[in-house]
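Notes for the structure review
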Amino acid sequence: MAKIIVVTSGKGGVGKTTTSASISTGLARRGHKTVVIDFDVGLRNLDLIMNCERRVVYDFVNVIQGEATLNQALIRDKRVDTLYILPASQTREKEALTQEGVEKVITELSKTFDYIVCDSPAGIEHGALMALYYADEAIVVTNPEVSSVRDSDRILGILQSKSRRSELGLEPVREHLLLTRYNPARVERGEMLSVADVEEILAIPLLGVIPESQIVLNASNQGLPVILEDESDAGQAYEDAVARLLGEEREHRFLTGQKKGFFSRMFKG
Amino acid sequence: MTETATTGAQQSFQLKGATVPMTSLELLYFDSDSFEATLRDKIRQAPGFFRDVPLVISLEKYQGAANELDFFQMIGICRRHSIHVVGVRGGDDDHNRLARNASLALIPAGAVRERPAPEPDDKIVTEDVQTPASTPQAASPVAARIVTQPVRSGQQVYAPEGDLVILAPVQAGAEVLAAGNIHVYGPLRGRALAGVHGLETARVFCQSLEAELVSIAGHYKISEDLQDQGWKSAVQIQLRDNLLVVTPLDKA
Ligand SMILES: Nc1ncnc2c1ncn2[C@@H]1O[C@H](COP(=O)(O)OP(=O)(O)OP(=O)(O)O)[C@@H](O)[C@H]1O
Ligand SMILES: [Mg+2]
């Protein structure tokens with residue numbers, strides 16, 4: 001049975017797709033057979049970040065509507081061979097994601113995969129509800145600003161009341177806070193909320209803090225999940241988050257502004 | 001089965017006396033536009049307070065003409081705002097005939113305990129309307145509703161009869177309502193409306209006052225008016241002489 005993880009936020013543009021690409025790559029790189037599903041019908045861009053947009057023949061909606069089999073639609077990643085992508089349709093209506101259709105696809109994927117990562121669209125409408133409905137775990141992607149925190153809070157309420165687990169009275173969806181685009185210098189100047197502020201307000205466990213970084217932009221422009229940039233802060237922060245997701249304890253890094261030199265990093269200054 | 005209700009077969013219902021708190025709207029005249037505008041304004045001030053409440057239209061102070069008294073329009077406007085008109089009180093025979101035509105109950109004026117209006121010229125007054133009881137029963141105590149999870153933005157928790165106890169934060173954008181008191185053992189960042197049926201002795205207790213709005217029996221204060229007293233500390237809020245008073249819990 002696969003573990004189903006939704007990457008969600010409420011607010012748009014906070015880094016859900018970036019996170020879905022890196023987390024799924026990270027899980028797969030550790031040998032877990034992983035599929036990442038793009039639920040953002042009409043605006044797909046997961047395939048761009050995963051650099052497989054030219055290999056899309058069939059999509060999620062084709063499978064739901066019986067126009068293609070799952071095997072025809074799944075795209076195998078070229079870098080990590082335990083990773084698959086199920087792309088969204090760019091041409092269909094959001095309503096094409098029916099509950100039964102999504103259930104059918106997820107049930108079938110569950111038989112052969114270890115992890116199913118669902119990249120949610122922004123908002124709290126149909127597409128976002130479909131993406132979170134079957135989740136066992138939720139990565140709530142939040143930027144350190146008031147409006148993003150508010151939307152994350154909203155999504156947490158929806159996870160508690162509208163997910164399959166809540167409707168069936170099962171153990172609640174496991175919630176993780178992932179703070180992204182974190183800029184310590186701006187936090188220190190009081191222009192952004194701090195990690196502590198966001199944790200205090202949302203009151204869920206912290207999975208990781210991803211620094212704001214030009215490398216993220218460069219990587220996505222090249223179709224490279226940033227976790228594969230092993231040398232970068234953001235890549236390492238995502239790698240830490242994957243480790244924590246799998247139960248490892250890791251200290252949080254990249255929380256302070258001053259760039260630490262090699263020696264101070266070695267000796268934990 | 002249906003005809004044998006009196007002859008030993010299981011009855012499909014029993015009649016019981018009940019005292020139902022209601023909100024009454026004291027109508028001075030009726031004009032659909034200004035009616036809706038006033039209603040909208042009241043709802044905006046305290047949205048949760050009016051949601052799905054039963055409303056009685058009181059005609060005791062009605063000054064308009066009988067032929068302007070369009071109950072169907074009133075019901076329609078209220079419906080649009082999730083308020084349910086259940087009956088009228090007072091008024092003359094013409095008024096009552098119109099009300100009956102609109103399937104509204106006629107509630108005897110004497111059955112009502114008057115309460116002072118929150119503001120002198122408020123047309124919506126909260127009070128207890130006692131429906132006549134056929135078999136009066138002593139009211140049994142209502143257990144508090146207890147919530148252990150955070151109340152998140154966009155969520156609403158309502159205790160329609162007793163107290164509401166929340167053992168977690170009430171987040172900004174969330175709303176908690178109770179007929180009785182509200183206790184929040186965590187920060188109160190959203191909206192809290194106690195005594196929603198008009199109980200003026202209801203109180204709000206919280207571990208940290210950061211609320212967007214606090215209301216007791218329809219008297220409310222918004223965030224900016226709350227900040228100069230007990231903000232971000234443990235307080236209780238109660239109604240004294242129609243004013244919300246905030247006091248620190250350690251001095252209570
Ligand atoms: N840590 C980061 N540092 C810098 N830029 C980032 C970071 N994370 C994401 N971005 C950039 O922010 C933009 C939005 O990211 P992304 O597409 O992942 O967000 P999203 O939440 O999926 O958006 P949508 O709601 O539109 O689906 C992209 O340009 C991305 O490269
Ligand atoms: Mg996206």
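Residues numbered from 1 in each chain as written. Chains lettered and ligands numbered in written order. Predicted model: local features only at pLDDT ≥ 70, side-chain atom pairs only at ≥ 80, totals over all residues. Heavy atoms only, no water.

**Observations concerning the overall build of chain B**
For the record, the criterion: The numbering of helices and of strands both runs from the N terminus, where a helix is a DSSP run of H or I of at least 4 residues and a strand a run of E of at least 2. Burial status follows relative accessibility: with a 1.4 Å probe on protein chains alone, a residue under 20% of its type maximum counts as buried, one over 50% as exposed, and anything between as partly exposed. With residues, only the protein chains shown are counted as cover, and all accessible areas are computed by Shrake-Rupley using a 1.4 Å probe.
Within chain B one finds 5 helices and 17 strands. In chain B, buried positions account for 44% of the 252 residues. Of the accessible surface of chain B, which amounts to about 12,900 Å², a share of 51% is contributed by carbon and sulfur atoms.

**Some words on the pattern of salt bridges**
How we decide: Here, a salt bridge means any Lys or Arg side-chain nitrogen found within 4 Å of an Asp or Glu carboxyl oxygen.
The full count for this structure, using the stated rule, is 27 salt bridges over all chains. The residue A:Arg150 makes a salt bridge to B:Glu212 at a minimum N-O spacing of 3.4 Å. With A:Arg150 in helix 7 (residues 146–162) and B:Glu212 in the loop between strand 13 (204–209) and strand 14 (213–216), this residue pair bridges two chains. Linked by salt bridges that have partners in common, A:Arg29, A:Arg30, A:Asp230, A:Glu239, A:Asp240, A:Arg244, A:Glu248, A:Arg250 and A:Arg253 make up one network.

**Quick look at the environment of B:Asp94**
Residue and element names in this part refer to chain B. Among the secondary structure elements, Asp 94 is positioned in helix 4 (residues 93–101). A relative accessible area of 37% means that Asp 94 is categorised as partly exposed. Separated by 118 residues in the primary sequence, Asp 94 and Glu 212 place their C-alpha atoms 45 Å from one another.

**Remarks on the interface of chain B and chain A**
Counted only if it meets this: We call two residues in contact when some of their heavy atoms are within 4.5 Å. Buried area is a sum: the accessible area each of two parts loses on coming together, probed at 1.4 Å, counted once for each and added. Polar contact is the term for a pair of N or O atoms within 3.5 Å; when the atoms are in protein, one must be able to donate a hydrogen and the other to accept it, and sequence-neighboring residues count only if both atoms are side-chain atoms.
Counting residues at the interface gives 11 residues for chain B, matched by 12 residues for chain A. Buried area between chain B and chain A, summed over both chains or domains, comes out near 940 Å², and the portion from carbon and sulfur atoms is 35%. If you sort the residues of chain B by the area they bury against chain A, B:Arg152, B:Ser153 and B:Arg189 come out on top, with a joint share of 52%. Counting across the interface, chain B meets chain A through 3 salt bridges. B:Arg189 is the partner of A:Glu200 in a salt bridge, and the nearest nitrogen-oxygen pair spans 3.3 Å. Here chain B and chain A share 9 residue pairs in polar contact (both at pLDDT 80 or more) between them.

**A short note on the site of ligand 1**
Residues and elements named next belong to chain A. Quick note on the threshold: Consider each residue's heavy atoms; a residue with any of them within 4 Å of a molecule or strand counts as near.
Around ligand 1 sit 17 residues, and of these Gly 13, Lys 16, Thr 17, Thr 18 and Arg 181 come closest. A distance of 2.9 Å separates an oxygen atom of ligand 1 from a polar atom in the backbone of Gly 13. At 3.5 Å, a side-chain N or O of Ser 220 approaches an oxygen atom of ligand 1. Against a free-state accessible area of 630 Å², the protein chains account for coverage of 82% of ligand 1. When contributions to the shell around ligand 1 are tallied by element, the ones reaching two or more residues are helix 1 (16–29), strand 8 (206–211) and helix 11 (214–221).

**Remarks on the sheet that holds strand 14 of chain B**
The strands making up a sheet associate through hydrogen bonds between their backbones, and the pairing can be parallel or antiparallel. Residues and elements named next belong to chain B. To keep it simple, the criterion reads: A pair of strands counts as paired when DSSP detects no fewer than two bridges linking them. Lines are fitted to the C-alpha atoms to define the axes, a helix being fitted only along its stretch in contact, and any angle between axes, read from their N-to-C directions, falls within 0 to 180 degrees.
Spatial strand order, 8-10-12-14-15: 5 strands in an open sheet with mixed pairing. Of all strands in the sheet, those with a lone pairing partner are strand 8 (156–159) and strand 15 (219–222), marking the two edges. Across the sheet, the mean angle from the axis of one strand to that of its neighbour is 5°, orientation sign disregarded. Where strand 8 lies against strand 10 (residues 175–178), 4 bridges are found, and the strand directions are parallel. Along strand 10, the bridge assignment pairs Ala 159 with Ala 178.

**What about unusual backbone geometry?**
Residue and element names in this part refer to chain B. The backbone of Ala 217 sits at a positive phi, close to 50°, despite the residue not being glycine. Mapped onto the elements, Ala 217 comes out in the loop between strand 14 and strand 15. Not every positive phi belongs to a glycine, and Asp 241 is a case in point at roughly 50°. Its location among the elements puts Asp 241 in the loop between strand 16 (235–240) and strand 17 (243–248). Residue classification places Asp 241 among the exposed positions, given a relative accessible area of 76%.

**Let's talk about the environment of B:His95**
Residues and elements named next belong to chain B. Mapped onto the elements of the fold, His 95 is located in helix 4. Sequence spacing of His 95 and Phe 71 is 24 residues, and the spatial spacing of their C-alpha atoms is 9.6 Å. Setting aside residues up to four positions removed in sequence, His 95 forms contacts with Leu 59, Tyr 62, Ala 66, Leu 69 and Phe 71.

**With respect to the pairing of strand 14 of chain B**
All names here are of chain B. Burial along strand 14 is two-sided: the face carrying Leu 213 and Ser 215 and the face carrying Val 214 and Ile 216 are both buried. Here strand 12 (residues 191–194) runs beside strand 14; their pairing, made up of 4 bridges, is parallel. The residue bridging Leu 193 from the neighbouring strand is Ser 215, located in strand 14. Bridging between strand 14 and strand 15 involves 4 bridges; their strand directions are antiparallel. By the bridge assignment for strand 15, Ile 216 is matched with His 219. With antiparallel pairing between neighbouring strands as the criterion, strand 14 and strand 15 make up a hairpin whose turn holds 2 residues, including Ala 217 at a positive phi of roughly 50°.

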